Amino acid sequence: MLIAWSQAATATEPPKVTLRASIGSDLQTVEGELQLEKGSPLSLVDVQALLPIPQQDADLRRTFPGKPEQGWMHIERQTPEQFLFHSLMPRRFGAVGRAPRRGLYANGFWFPQPVIDDRLVAIDWDVEIDVPEGYTVILNGLIGESTLSWQGRASTLSLAVLPDAHIESITSGGRAAFWVRTSPPGDRRREKLQACLSQLSSAPPMSPIAIVETPLRRRLYRSGEHQLFLSDRALRVTGRLWTHHGPVVARGVLESGLPLYDPWERSLAATAIADSIDTAMSVEERLAVVSWIPEVEALLHDGRLPFYSDIFDETWSGDRVEDSMPQVLSAEITGRAMARRLQAVYGADRVEQLAWDLVRGQTLEDSSVRAGIPPAELARSEKILRFG
(Lines give C-alpha, C1' and ligand atoms only; values in the text may rest on other atoms or scores of the structure.)
Protein backbone atom coordinates (compact mmCIF):
# COMPACT_ATOMS: atom_id res chain seq x y z
CA MET A 1 0.00 0.00 0.00
CA LEU A 2 1.59 3.26 -1.12
CA ILE A 3 0.79 6.30 0.95
CA ALA A 4 1.20 8.87 -1.82
CA TRP A 5 2.16 11.83 0.32
CA SER A 6 5.00 13.25 -1.73
CA GLN A 7 6.25 16.62 -2.84
CA ALA A 8 7.27 17.62 -6.34
CA ALA A 9 10.69 19.11 -5.66
CA THR A 10 13.93 17.30 -6.52
CA ALA A 11 17.35 17.83 -5.07
CA THR A 12 20.93 16.98 -5.95
CA GLU A 13 21.68 16.06 -2.33
CA PRO A 14 19.87 13.11 -0.68
CA PRO A 15 16.61 14.09 1.01
CA LYS A 16 16.67 14.50 4.79
CA VAL A 17 14.41 12.64 7.22
CA THR A 18 14.10 13.08 10.99
CA LEU A 19 12.66 10.15 12.92
CA ARG A 20 11.85 9.79 16.61
CA ALA A 21 10.48 6.49 17.88
CA SER A 22 10.00 4.37 20.99
CA ILE A 23 9.77 0.60 21.29
CA GLY A 24 7.14 -0.83 23.65
CA SER A 25 8.04 -3.19 26.49
CA ASP A 26 6.47 -6.04 24.51
CA LEU A 27 9.07 -5.46 21.75
CA GLN A 28 6.17 -5.54 19.32
CA THR A 29 4.75 -2.01 19.27
CA VAL A 30 6.55 0.99 17.80
CA GLU A 31 5.29 4.56 18.08
CA GLY A 32 7.00 7.47 16.42
CA GLU A 33 7.12 10.64 14.40
CA LEU A 34 8.64 11.10 10.97
CA GLN A 35 9.54 14.54 9.60
CA LEU A 36 10.33 15.26 5.94
CA GLU A 37 11.88 18.37 4.49
CA LYS A 38 9.66 20.95 2.88
CA GLY A 39 9.33 20.06 -0.79
CA SER A 40 10.72 16.56 -0.25
CA PRO A 41 10.40 14.17 -3.23
CA LEU A 42 9.81 11.24 -0.89
CA SER A 43 6.66 9.13 -0.58
CA LEU A 44 5.86 6.92 2.40
CA VAL A 45 5.01 3.25 2.09
CA ASP A 46 3.20 1.07 4.62
CA VAL A 47 5.57 -1.86 4.17
CA GLN A 48 3.84 -4.01 6.79
CA ALA A 49 0.87 -4.26 4.43
CA LEU A 50 3.20 -5.68 1.75
CA LEU A 51 4.68 -8.51 3.83
CA PRO A 52 3.67 -11.83 2.25
CA ILE A 53 2.14 -14.75 4.17
CA PRO A 54 3.58 -18.10 2.98
CA GLN A 55 1.19 -20.61 1.46
CA GLN A 56 3.12 -23.86 1.83
CA ASP A 57 3.42 -25.74 5.13
CA ALA A 58 7.23 -25.92 5.09
CA ASP A 59 7.48 -22.15 4.57
CA LEU A 60 4.92 -21.48 7.31
CA ARG A 61 6.94 -23.53 9.82
CA ARG A 62 10.10 -21.64 8.91
CA THR A 63 8.43 -18.22 9.04
CA PHE A 64 6.21 -18.22 12.13
CA PRO A 65 6.86 -19.49 15.68
CA GLY A 66 3.12 -20.16 15.98
CA LYS A 67 0.07 -19.27 13.94
CA PRO A 68 0.58 -16.97 10.93
CA GLU A 69 0.38 -13.35 11.96
CA GLN A 70 0.13 -10.15 9.89
CA GLY A 71 1.53 -6.95 11.35
CA TRP A 72 -0.02 -3.55 10.73
CA MET A 73 0.90 0.11 10.59
CA HIS A 74 -1.16 3.25 11.11
CA ILE A 75 0.11 6.50 9.58
CA GLU A 76 -1.43 9.85 10.49
CA ARG A 77 -0.53 13.02 8.63
CA GLN A 78 -0.12 16.02 10.93
CA THR A 79 1.25 18.60 8.46
CA PRO A 80 2.44 18.36 4.84
CA GLU A 81 5.85 17.19 6.15
CA GLN A 82 5.10 15.64 9.56
CA PHE A 83 3.64 12.15 10.16
CA LEU A 84 2.85 10.10 13.25
CA PHE A 85 2.97 6.32 13.00
CA HIS A 86 2.10 3.30 15.11
CA SER A 87 3.40 -0.13 14.09
CA LEU A 88 2.59 -3.58 15.43
CA MET A 89 5.34 -6.00 14.45
CA PRO A 90 4.26 -9.59 13.75
CA ARG A 91 5.57 -12.56 15.69
CA ARG A 92 7.75 -13.88 12.92
CA PHE A 93 11.13 -15.51 12.33
CA GLY A 94 13.61 -13.60 10.20
CA ALA A 95 14.43 -9.91 10.06
CA VAL A 96 10.89 -8.53 9.89
CA GLY A 97 9.33 -9.10 13.30
CA ARG A 98 9.52 -10.18 16.93
CA ALA A 99 10.70 -13.62 17.93
CA PRO A 100 9.28 -14.67 21.32
CA ARG A 101 11.92 -14.78 24.08
CA ARG A 102 14.55 -13.65 21.56
CA GLY A 103 13.99 -10.02 20.59
CA LEU A 104 12.89 -7.69 17.82
CA TYR A 105 14.63 -8.04 14.45
CA ALA A 106 13.58 -5.58 11.77
CA ASN A 107 15.58 -4.88 8.61
CA GLY A 108 13.29 -1.92 7.94
CA PHE A 109 9.52 -2.58 8.21
CA TRP A 110 9.14 -0.95 11.65
CA PHE A 111 8.36 2.55 10.29
CA PRO A 112 6.83 4.04 7.10
CA GLN A 113 9.51 3.54 4.46
CA PRO A 114 10.41 6.67 2.41
CA VAL A 115 10.86 5.91 -1.29
CA ILE A 116 11.03 7.63 -4.66
CA ASP A 117 9.16 5.88 -7.49
CA ASP A 118 8.75 2.77 -5.29
CA ARG A 119 12.53 2.42 -4.92
CA LEU A 120 14.85 2.71 -1.98
CA VAL A 121 17.08 5.77 -2.22
CA ALA A 122 19.89 7.28 -0.17
CA ILE A 123 18.54 9.41 2.68
CA ASP A 124 20.31 11.58 5.24
CA TRP A 125 18.80 10.43 8.54
CA ASP A 126 18.58 11.96 12.00
CA VAL A 127 17.22 9.20 14.24
CA GLU A 128 16.59 8.87 17.95
CA ILE A 129 15.04 5.73 19.36
CA ASP A 130 14.05 4.76 22.90
CA VAL A 131 13.94 1.12 24.03
CA PRO A 132 12.90 -0.43 27.36
CA GLU A 133 15.46 -0.35 30.15
CA GLY A 134 17.80 -3.31 30.18
CA TYR A 135 17.60 -3.99 26.45
CA THR A 136 20.36 -3.60 23.86
CA VAL A 137 19.52 -1.75 20.66
CA ILE A 138 21.44 -2.04 17.39
CA LEU A 139 20.63 0.51 14.68
CA ASN A 140 22.54 0.48 11.37
CA GLY A 141 25.55 -1.02 13.12
CA LEU A 142 25.54 1.34 16.12
CA ILE A 143 25.06 -0.39 19.48
CA GLY A 144 23.66 1.15 22.66
CA GLU A 145 21.06 0.95 25.42
CA SER A 146 17.97 2.90 26.52
CA THR A 147 18.20 5.82 24.06
CA LEU A 148 20.23 5.65 20.87
CA SER A 149 20.88 8.51 18.43
CA TRP A 150 22.15 7.89 14.92
CA GLN A 151 22.88 10.31 12.09
CA GLY A 152 24.04 9.11 8.73
CA ARG A 153 23.23 8.23 5.14
CA ALA A 154 21.37 5.02 4.33
CA SER A 155 18.38 3.80 2.35
CA THR A 156 16.58 2.28 5.34
CA LEU A 157 17.03 1.62 9.06
CA SER A 158 18.10 -1.82 10.27
CA LEU A 159 17.02 -2.41 13.88
CA ALA A 160 17.44 -5.09 16.51
CA VAL A 161 16.39 -4.92 20.17
CA LEU A 162 17.65 -7.77 22.36
CA PRO A 163 17.38 -8.77 26.02
CA ASP A 164 20.51 -9.97 27.83
CA ALA A 165 22.69 -9.45 24.77
CA HIS A 166 26.32 -10.52 24.59
CA ILE A 167 28.53 -8.18 22.54
CA GLU A 168 31.97 -9.21 21.37
CA SER A 169 34.50 -7.55 19.08
CA ILE A 170 35.79 -9.93 16.41
CA THR A 171 38.88 -9.17 14.31
CA SER A 172 40.73 -11.19 11.69
CA GLY A 173 42.53 -10.51 8.43
CA GLY A 174 42.39 -6.76 8.98
CA ARG A 175 38.59 -6.89 9.29
CA ALA A 176 36.50 -6.12 12.35
CA ALA A 177 32.91 -6.69 13.42
CA PHE A 178 30.78 -6.67 16.54
CA TRP A 179 29.11 -10.02 17.21
CA VAL A 180 25.79 -9.53 19.03
CA ARG A 181 23.80 -12.49 20.29
CA THR A 182 21.52 -13.68 23.08
CA SER A 183 23.14 -17.12 23.28
CA PRO A 184 26.25 -17.83 25.41
CA PRO A 185 29.62 -17.32 23.71
CA GLY A 186 31.33 -20.26 22.08
CA ASP A 187 34.97 -20.62 21.02
CA ARG A 188 34.21 -22.71 17.94
CA ARG A 189 31.62 -20.27 16.62
CA ARG A 190 33.99 -17.37 17.28
CA GLU A 191 36.76 -19.12 15.34
CA LYS A 192 34.38 -19.74 12.43
CA LEU A 193 33.36 -16.09 12.35
CA GLN A 194 37.01 -15.03 12.42
CA ALA A 195 37.68 -17.37 9.50
CA CYS A 196 34.90 -15.67 7.53
CA LEU A 197 36.38 -12.22 8.16
CA SER A 198 39.83 -13.40 7.10
CA GLN A 199 38.40 -14.49 3.74
CA LEU A 200 37.70 -10.80 3.05
CA SER A 201 41.28 -9.57 3.52
CA SER A 202 41.49 -8.61 -0.17
CA ALA A 203 38.02 -7.03 -0.30
CA PRO A 204 37.45 -3.24 -0.32
CA PRO A 205 37.87 -1.33 2.96
CA MET A 206 34.82 -1.53 5.20
CA SER A 207 33.97 -0.01 8.54
CA PRO A 208 33.12 -2.54 11.29
CA ILE A 209 29.57 -3.88 11.04
CA ALA A 210 27.26 -5.42 13.63
CA ILE A 211 26.61 -9.13 13.12
CA VAL A 212 23.33 -9.88 14.89
CA GLU A 213 22.51 -13.52 15.58
CA THR A 214 18.93 -13.84 14.32
CA PRO A 215 16.31 -16.63 14.27
CA LEU A 216 16.36 -17.03 10.49
CA ARG A 217 14.94 -20.31 9.27
CA ARG A 218 14.72 -19.85 5.49
CA ARG A 219 17.89 -17.87 4.72
CA LEU A 220 21.39 -17.98 6.20
CA TYR A 221 21.53 -14.20 6.30
CA ARG A 222 19.80 -10.92 5.51
CA SER A 223 22.06 -7.99 4.75
CA GLY A 224 21.18 -4.61 6.23
CA GLU A 225 22.75 -1.19 6.57
CA HIS A 226 26.13 -1.91 8.22
CA GLN A 227 24.25 -4.67 10.00
CA LEU A 228 24.14 -8.36 9.13
CA PHE A 229 21.22 -10.46 10.35
CA LEU A 230 22.93 -13.86 10.54
CA SER A 231 20.99 -17.07 11.14
CA ASP A 232 21.60 -18.56 14.57
CA ARG A 233 22.17 -21.83 12.73
CA ALA A 234 24.83 -20.50 10.35
CA LEU A 235 27.73 -21.18 12.73
CA ARG A 236 26.26 -24.31 14.33
CA VAL A 237 27.56 -26.83 11.82
CA THR A 238 30.32 -29.36 12.34
CA GLY A 239 33.03 -30.98 10.32
CA ARG A 240 33.21 -30.45 6.61
CA LEU A 241 29.74 -28.93 6.46
CA TRP A 242 31.31 -25.65 7.59
CA THR A 243 33.19 -25.42 4.29
CA HIS A 244 29.79 -24.88 2.65
CA HIS A 245 28.51 -22.30 5.15
CA GLY A 246 31.70 -20.23 5.53
CA PRO A 247 31.73 -18.53 2.09
CA VAL A 248 28.02 -17.69 2.48
CA VAL A 249 28.62 -15.93 5.79
CA ALA A 250 31.60 -14.05 4.33
CA ARG A 251 29.44 -12.91 1.42
CA GLY A 252 26.84 -11.62 3.85
CA VAL A 253 29.45 -9.62 5.77
CA LEU A 254 30.67 -8.11 2.50
CA GLU A 255 27.16 -7.23 1.31
CA SER A 256 26.34 -5.52 4.60
CA GLY A 257 29.62 -3.65 4.88
CA LEU A 258 30.31 -2.19 1.45
CA PRO A 259 30.05 1.65 1.51
CA LEU A 260 27.14 1.81 -0.95
CA TYR A 261 23.74 3.30 -0.08
CA ASP A 262 21.69 1.54 -2.76
CA PRO A 263 21.06 -2.09 -1.67
CA TRP A 264 20.69 -3.13 -5.32
CA GLU A 265 24.15 -1.76 -6.17
CA ARG A 266 25.53 -3.25 -2.95
CA SER A 267 24.21 -6.68 -3.89
CA LEU A 268 25.65 -6.42 -7.40
CA ALA A 269 29.07 -5.30 -6.16
CA ALA A 270 29.21 -7.85 -3.33
CA THR A 271 28.38 -10.70 -5.70
CA ALA A 272 31.08 -9.70 -8.19
CA ILE A 273 33.76 -9.19 -5.53
CA ALA A 274 32.83 -12.32 -3.56
CA ASP A 275 32.96 -14.40 -6.74
CA SER A 276 36.48 -13.14 -7.42
CA ILE A 277 37.58 -14.03 -3.88
CA ASP A 278 35.95 -17.46 -3.63
CA THR A 279 37.58 -19.31 -6.52
CA ALA A 280 37.55 -22.71 -4.82
CA MET A 281 35.69 -25.69 -6.19
CA SER A 282 31.92 -25.24 -6.05
CA VAL A 283 29.77 -27.14 -3.60
CA GLU A 284 28.33 -29.22 -6.44
CA GLU A 285 31.82 -30.13 -7.64
CA ARG A 286 32.98 -31.10 -4.14
CA LEU A 287 29.91 -33.23 -3.48
CA ALA A 288 29.88 -34.76 -6.95
CA VAL A 289 33.03 -36.70 -6.01
CA VAL A 290 30.99 -38.67 -3.49
CA SER A 291 27.61 -38.49 -5.25
CA TRP A 292 27.51 -42.28 -5.37
CA ILE A 293 26.35 -42.08 -1.74
CA PRO A 294 22.51 -41.94 -1.80
CA GLU A 295 22.28 -39.22 0.86
CA VAL A 296 24.71 -36.97 -1.03
CA GLU A 297 22.89 -37.55 -4.31
CA ALA A 298 19.64 -36.50 -2.61
CA LEU A 299 21.32 -33.36 -1.24
CA LEU A 300 22.44 -32.37 -4.73
CA HIS A 301 18.94 -32.57 -6.17
CA ASP A 302 16.56 -31.81 -3.30
CA GLY A 303 15.78 -28.08 -3.22
CA ARG A 304 13.46 -28.42 -0.22
CA LEU A 305 16.25 -28.35 2.35
CA PRO A 306 16.65 -25.13 4.38
CA PHE A 307 19.35 -22.73 3.15
CA TYR A 308 19.69 -24.82 -0.05
CA SER A 309 20.11 -21.93 -2.48
CA ASP A 310 22.44 -20.04 -0.11
CA ILE A 311 24.77 -22.98 0.37
CA PHE A 312 24.80 -23.84 -3.33
CA ASP A 313 25.41 -20.16 -4.23
CA GLU A 314 22.47 -20.10 -6.62
CA THR A 315 21.82 -16.90 -8.56
CA TRP A 316 18.10 -16.96 -7.80
CA SER A 317 17.02 -17.71 -4.25
CA GLY A 318 15.00 -20.84 -3.70
CA ASP A 319 13.19 -19.07 -0.88
CA ARG A 320 9.58 -18.75 -2.01
CA VAL A 321 8.79 -16.05 0.56
CA GLU A 322 10.06 -12.72 -0.78
CA ASP A 323 10.05 -10.61 2.37
CA SER A 324 13.15 -8.41 2.14
CA MET A 325 12.62 -4.69 1.64
CA PRO A 326 13.72 -4.56 -2.04
CA GLN A 327 11.56 -7.59 -2.81
CA VAL A 328 8.32 -6.20 -1.37
CA LEU A 329 8.79 -2.81 -3.02
CA SER A 330 9.46 -3.89 -6.60
CA ALA A 331 9.74 -6.82 -8.98
CA GLU A 332 13.15 -5.87 -10.33
CA ILE A 333 15.83 -8.32 -11.28
CA THR A 334 18.08 -8.55 -8.21
CA GLY A 335 21.53 -7.00 -8.07
CA ARG A 336 22.94 -10.49 -7.58
CA ALA A 337 21.23 -11.82 -10.70
CA MET A 338 22.37 -8.78 -12.69
CA ALA A 339 25.99 -9.42 -11.66
CA ARG A 340 25.79 -13.05 -12.77
CA ARG A 341 24.15 -12.07 -16.05
CA LEU A 342 26.86 -9.53 -16.82
CA GLN A 343 29.56 -12.06 -15.91
CA ALA A 344 28.12 -14.50 -18.44
CA VAL A 345 28.03 -11.87 -21.20
CA TYR A 346 31.10 -9.68 -20.52
CA GLY A 347 33.28 -11.79 -18.25
CA ALA A 348 33.93 -11.79 -14.52
CA ASP A 349 36.91 -9.40 -14.75
CA ARG A 350 34.87 -6.56 -16.24
CA VAL A 351 32.09 -6.96 -13.69
CA GLU A 352 34.63 -7.00 -10.87
CA GLN A 353 36.12 -3.75 -12.22
CA LEU A 354 32.63 -2.22 -12.30
CA ALA A 355 32.09 -3.30 -8.67
CA TRP A 356 35.37 -1.78 -7.46
CA ASP A 357 34.64 1.52 -9.23
CA LEU A 358 31.22 1.63 -7.55
CA VAL A 359 32.84 1.13 -4.15
CA ARG A 360 35.35 3.89 -4.92
CA GLY A 361 32.49 6.34 -5.41
CA GLN A 362 31.85 6.27 -9.17
CA THR A 363 28.26 6.34 -10.40
CA LEU A 364 26.75 3.18 -11.83
CA GLU A 365 26.77 4.67 -15.33
CA ASP A 366 30.40 5.82 -15.13
CA SER A 367 31.47 2.51 -13.63
CA SER A 368 29.84 0.53 -16.42
CA VAL A 369 31.43 2.70 -19.12
CA ARG A 370 34.88 2.34 -17.55
CA ALA A 371 34.39 -1.44 -17.45
CA GLY A 372 33.35 -1.55 -21.12
CA ILE A 373 29.76 -2.52 -20.34
CA PRO A 374 26.98 -0.48 -22.00
CA PRO A 375 24.97 1.31 -19.27
CA ALA A 376 21.74 0.12 -20.90
CA GLU A 377 22.69 -3.43 -19.88
CA LEU A 378 22.17 -2.47 -16.24
CA ALA A 379 18.54 -1.45 -16.63
CA ARG A 380 16.59 -2.74 -13.63
CA SER A 381 13.96 -4.55 -15.63
CA GLU A 382 11.37 -6.77 -14.00
CA LYS A 383 12.15 -10.41 -13.26
CA ILE A 384 10.62 -11.72 -16.48
CA LEU A 385 13.70 -13.57 -17.68
CA ARG A 386 15.87 -15.35 -15.12
CA PHE A 387 19.51 -15.30 -16.05
CA GLY A 388 21.87 -17.68 -14.28
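Being a predicted model, the structure only gives us computed values, none of them experimental.

Engineer: Tell me what's going on with the sheet that holds strand S6 (residues 82–88), and back it up with residues and numbers.
Structural biologist: What the six strands build is an open sheet, ordered S5-S6-S3-S2-S10-S13; its pairing is mixed. What marks the edges here is a single partner per strand, and that holds for strand S5 (72–77) and strand S13 (147–154). Each strand axis lies, on average, 15° off the axis of its neighbour in the sheet, ignoring direction. In terms of strand pairing, strand S3 (residues 29–36) meets S6 through seven bridges, oriented antiparallel. Each bridged residue has a counterpart across the sheet, and for Leu34 the counterpart in S6 is Phe83.

Engineer: Lay out the pattern of salt bridges in plain terms, naming residues and giving numbers.
Structural biologist: Taken as a whole, this structure holds 23 salt bridges when the rule is applied. Close ionic contact of Glu332 with Arg119 constitutes a salt bridge, the shortest N to O distance being 2.5 Å. Taken together, the residues span a long stretch of sequence, with Glu332 in the loop between helix H8 (325–329) and helix H9 (335–346) and Arg119 in the loop between strand S9 (113–115) and strand S10 (123–130) at a distance of 213 residues. Judged by its relative accessible area of 14%, Glu332 is buried. Close ionic contact of Arg190 with Asp187 constitutes a salt bridge, the shortest N to O distance being 2.6 Å. Here Asp187 and Arg190 lie together in helix H2 (residues 187–198), a separation of three residues that amounts to about one turn.

Engineer: Break down the nonpolar core for me, with residues and values.
Structural biologist: In this structure, Ile211, Leu230, Leu254 and Leu354 are the most contacted members of the largest nonpolar core, which totals 47 residues. Those elements that place two or more of their residues in this core are strand S16 (175–181), H2, strand S17 (209–214), strand S19 (227–231), helix H3 (242–257), helix H4 (263–277), H9 and helix H10 (348–359). Excluding residues within four positions of it along the chain, Ile211 makes contact with Ala177, Phe178, Trp179, Val180, Leu193, Leu228, Leu230 and Val253. Judged by nonpolar contacts, the second largest core, of 43 residues, contains Leu19, Val30, Phe85 and Leu120.

Engineer: An account of the sheet that holds strand S8 (residues 103–107) is requested, with residue identities and associated values reported.
Structural biologist: Pairing is antiparallel in the open sheet, where five strands are placed in the order S7-S8-S14-S11-S12. Strand pairing shows two members of the sheet lacking a second neighbour, strand S7 (96–99) and strand S12 (142–145), which therefore form its edges. Strand-to-strand twist of the sheet, defined as the mean angle between neighbouring strand axes without regard to direction, takes the value 15°. Inspection of the sheet shows strand S11 (residues 135–139) paired to strand S14 (residues 158–163) by five bridges, in the antiparallel sense. Along S14, the bridge assignment pairs Tyr135 with Pro163.

Engineer: Mind laying out the pairing of S3, listing which residues take part and the relevant values?
Structural biologist: Here S3 shows a clear split, with Val30, Gly32, Leu34 and Leu36 buried on one side and none of Thr29, Glu31, Glu33 and Gln35 buried on the other. The hairpin formed by strand S2 (residues 16–23) and S3 contains five residues between the paired strands, and Leu27 there has a positive phi angle of roughly 55°.

Engineer: Could you give an account of the packing of aromatic side chains, naming the residues involved and the relevant values?
Structural biologist: When we look at a pair of aromatic rings, we describe it by the centre distance and by the angle of the planes. Inspection of the entire model under this criterion finds two aromatic pairs. Geometrically, the ring pair formed by Trp110 and Phe111 is edge-to-face, given 4.8 Å between the ring centres and 70° between the ring planes. Comparing Trp110 with Phe111 shows no difference in burial state: the two are buried. Here Phe111 and Trp125 contribute two aromatic rings whose centre-to-centre distance is 5.7 Å and whose plane-to-plane angle is 85°, an arrangement assigned as edge-to-face. Here Phe111 is found in the loop between S8 and S9, whereas its partner Trp125 is found in strand S10, with 14 residues between them in sequence. There is no split in this pair, since Phe111 and Trp125 are both buried. Grouping aromatic residues by their ring pairs yields a cluster made of Trp110, Phe111 and Trp125. Cation over ring: Arg181 sits above Trp179, and NZ or CZ is 4.0 Å from the ring centre. Between the NZ or CZ atom of Arg217 and the centre of the ring of Phe93, over which it lies, the distance is 5.1 Å.

Engineer: Let's hear about the environment of Phe83: which residues, and what values?
Structural biologist: Counting through the fold element by element, Phe83 comes out in strand S6. Remark: the alpha-carbon pair of Phe83 and Leu44, spanning 39 residues in sequence, is separated by 9.6 Å.

Engineer: So what's going on with the pairing of S2? Which residues, and what values?
Structural biologist: The side chains of a regular strand alternate, residue by residue, between the two faces of the sheet. Along S2, the buried face is formed by Val17, Leu19, Ala21 and Ile23; none of Lys16, Thr18, Arg20 and Ser22, which line the opposite face, is buried. Relative to S10, S2 runs parallel, the two sharing seven bridges. Looking across to S10, one finds that Val17 is bridged to Trp125.

Engineer: Which residues make up the confidence of the model for the protein, and what values go with them?
Structural biologist: Averaged over every residue, the pLDDT of the protein is 87; residues scoring 70 or more account for 86%. Here residues 1–11 is modelled with pLDDT under 50, and outside its nearest four sequence neighbours on either side it reaches 33 contacts, counting other chains as well. For the stretch residues 383–388, pLDDT sits under 50, and the model shows twelve contacts to residues farther than four places along the chain or on other chains.

Engineer: An account of unusual backbone geometry is requested, with residue identities and associated values reported.
Structural biologist: A positive phi angle is found at Asn140, which is not glycine, with a value near 50°. With respect to the helices and strands, Asn140 occurs in the loop between S11 and S12. One non-glycine residue, Asp164, adopts positive backbone phi at about 50°. By the element assignment, Asp164 lies in the loop between S14 and strand S15 (166–172). Under the relative-accessibility criterion, Asp164 is labelled exposed at 62%.

Parameters and conventions
Residues numbered from 1 in each chain as written. Predicted model: local features only at pLDDT ≥ 70, side-chain atom pairs only at ≥ 80, totals over all residues. Heavy atoms only, no water. Pairing = 2+ DSSP bridges. Helix = DSSP H or I, 4+ residues; strand = E, 2+ residues; numbered from the N terminus. Axes fitted to C-alpha atoms, helices over the stretch in contact; angles between N-to-C directions. Salt bridge = Lys/Arg side-chain N within 4 Å of Asp/Glu carboxyl O. Buried < 20%, exposed > 50% of the residue type's maximum accessible area, 1.4 Å probe, protein only. Core = buried A, V, L, I, M, F, W, Y, C linked by side-chain atoms within 4.5 Å. Contact = heavy atoms within 4.5 Å. Phe/Tyr/Trp six-rings, centres within 6.5 Å; stacked < 30°, edge-to-face > 60°. Lys NZ or Arg CZ within 6 Å of the ring centre and 35° of its normal. pLDDT = per-residue confidence, 0-100.

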